[in-house]
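# Analysis of the macromolecular model
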Amino acid sequence: MIKFEHTVFALPLAYVGAIIGAGGWPGIWNSTFILLTMVGARSAALSFNRLADHQYDVMNLRTRGRELPAGALSRRAVIWFMSCSIILFFLSAIALGRWCFYLAPPALMIILGYSYTKRFTWASHIWLGLALSLAPIGGFLAVTGRIELPVVVVAGGVLFWVAGFDIIYACQDEDFDRRIGLHSIPAEVGARLALHISSFFHLVSFILFLIGGALAHLTWPYFVAALIVGLLMIWEHLLVGPDRIEGLDTAFFTINSYVSITLLAGVIIATFLL
């Protein structure tokens, strides 16, 4: 139920924020508890999402094979797992300092709240982007105890990158969402225009990644990595189209994991090697 490839989207971004904040290695304590915090948050988010969407997953041909609709897991088991994940999240936040602990409840509300946004707004994609954009901000906060403009700009890049790829992913449920009354950009405007909006979001994301790196005074390897990220996002859009979603799994899972890992690699090389 907890997709490893989903976790790879966000975890490297937390270390991007931590390394930028520390100006180098954030230390074993911070690194360990950032990892545990992210595992707790992501596991809680996916568990909560499966519980919230259970009734829709049963009706959707694409999702009825998931663990809850298929009966492989009970709701009680998922609730227990989610509860343990939330406890792990809060305990790890305490270990990262008082500001991480103080901001953990609103952060968790944003992360879990995404699961209900499709009930009332097409901006659910932006909400998901906001949830994942907390990763670099949280990593930065963990090592500095504050939030500064460079990491906020990088987080803005994350927001538009995630919102862009979530629009692409939502194209496969365009008809289902419209029929059931769920909201998404593809359901509102159709797949063709939705993909244009996704492309625009990814252009904004690329620009914000560049600006964030400049504000953080990162050296040229980071900008090479940002360029590769831009090319990966272009590749993602070449794989899918309004009537061509067979490449969606590659676009959504494989390429997006490359994006966050490439961005982290750029920060590491720029910080430690040059």
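Residues numbered from 1 in each chain as written. Predicted model: local features only at pLDDT ≥ 70, side-chain atom pairs only at ≥ 80, totals over all residues. Heavy atoms only, no water.

### Some details on the overall build of the chain
In plain terms, the rule: For the purposes of this entry, the term helix denotes a DSSP run of H or I that reaches at least four residues, the term strand denotes a run of E that reaches at least two, and both are numbered from the N terminus. As a reference, a globule follows 2.2 Å times the number of residues to the power 0.38, and the radius of gyration itself is taken over C-alpha atoms. Here a residue-residue contact requires only that any non-hydrogen atoms of the pair lie within 4.5 Å. To be clear on the numbers: accessible area is Shrake-Rupley with a 1.4 Å probe, and residue cover counts the displayed protein chains and nothing else.
Scanning the chain from terminus to terminus reveals 13 helices and zero strands. In the chain, the order of α-helices and β-strands from amino to carboxyl end is α-α-α-α-α-α-α-α-α-α-α-α-α. Taken against the 2.2 N^0.38 rule, which gives 19 Å for 274 residues, the C-alpha radius of gyration of the chain at 18 Å falls within 12% of a compact globule. If one aligns the C-alpha atoms of the chain with their principal axes, the spans along those axes are about 50 × 40 × 25 Å. Taking as baseline every contact in the chain between residues at least 6 positions apart, the subset at least 24 positions apart corresponds to 72%. A total accessible area of about 12300 Å² is found for the chain, and carbon and sulfur atoms account for 71% of it.

### Quick look at helix H12 (residues 220-239)
The following threshold applies: Every helix has an expected span of 1.5 Å times one less than the residues it contains. The buried label applies to any residue whose accessible area, calculated with a 1.4 Å probe on protein chains only, is under 20% of its type's maximum; exposed applies above 50%, and partly exposed to all values in between.
When the terminal C-alpha atoms of H12 are compared, their 29 Å separation across 20 residues agrees well with the 28 Å that a helix rising 1.5 Å per residue should span. When H12 is considered as a whole, its buried residues turn out to be Pro-221, Tyr-222, Ala-225, Ala-226, Val-229, Gly-230, Leu-232, Met-233, Glu-236 and His-237.

### Observations concerning the side chain of Ser-85
For Ser-85, the position within the fold is in helix H5 (residues 75-95). Note on Ser-85: relative accessible area 5%, which makes it buried. Excluding its chain neighbours within four sequence positions, the residues that come into contact with Ser-85 are Gly-40, Ser-43 and Ala-44.

### A short note on the environment of Met-82
Here Met-82 lies in helix H5. Owing to a relative accessible area of 12%, Met-82 belongs among the buried residues under this scheme. Linking Met-82 and Ala-45, residues 37 residues apart in sequence, is a C-alpha distance of 8.0 Å. Beyond its immediate stretch of four places on either side in the chain, Met-82 contacts Ala-44, Ser-47, Phe-48 and Leu-51.

### Things to note about the pattern of salt bridges
Between side chains of opposite charge, a pair can form when the charged atoms approach closely. Convention followed: By convention in these notes, a salt bridge is any Lys or Arg side-chain nitrogen within 4 Å of a carboxyl oxygen on Asp or Glu.
Counting across every chain of the model gives seven salt bridges. For Arg-178, the salt bridge identified is with Asp-175, shortest N-O distance 3.7 Å. Taken together, the residues span about one helical turn, with Arg-178 and Asp-175 both in helix H9 (residues 174-180) at a distance of three residues. According to the relative accessible area criterion, Arg-178 is partly exposed, its value standing at 42%.

### Regarding the environment of Pro-12
On the secondary structure map, Pro-12 appears in helix H1 (residues 4-22). Owing to a relative accessible area of 9%, Pro-12 belongs among the buried residues under this scheme. Along the sequence, Pro-12 and Pro-136 sit 124 residues apart, while their C-alpha atoms lie 8.5 Å from each other.

### Digging into the environment of Ala-163
Turning to its location among the elements, Ala-163 is positioned in helix H8 (residues 149-170). By relative accessible area, Ala-163 is classed as buried at 0%. Spatially, the C-alpha atoms of Ala-163 and Leu-182 are 17 Å apart, while their sequence positions differ by 19 residues. Among all residues touching Ala-163, those that are not within four sequence positions of it are His-125, Ile-126, Gly-129 and Phe-201.

### Brief notes about H8
The terminal C-alpha atoms of H8, which comprises 22 residues, lie 31 Å apart, in line with the 32 Å expected from a rise of 1.5 Å per residue. Among the 22 residues of H8, 19 are classified as buried, and the element is accordingly described as predominantly covered.

### Structural notes on the packing of aromatic side chains
What counts here: Stacked, edge-to-face and tilted labels apply to pairs of Phe, Tyr and Trp rings (six-membered ring for Trp) whose centres lie within 6.5 Å, assigned for plane angles under 30 degrees, over 60, and everything in between, in that order.
Counted under the stated rule, the structure contains nine aromatic pairs. Centre to centre, the rings of Phe-160 and Phe-201 are 5.4 Å apart; their planes meet at 80°, and the pair counts as edge-to-face. Taken together, the residues Phe-160 in helix H8 and Phe-201 in helix H11 (residues 191-215) connect sequence positions 41 residues apart. Residue classification places Phe-160 among the partly exposed positions, given a relative accessible area of 24%. Assessed through its relative accessible area of 9%, Phe-201 is described here as buried. Following the ring pairs from residue to residue traces out a cluster consisting of Trp-99, Phe-101 and Tyr-102.

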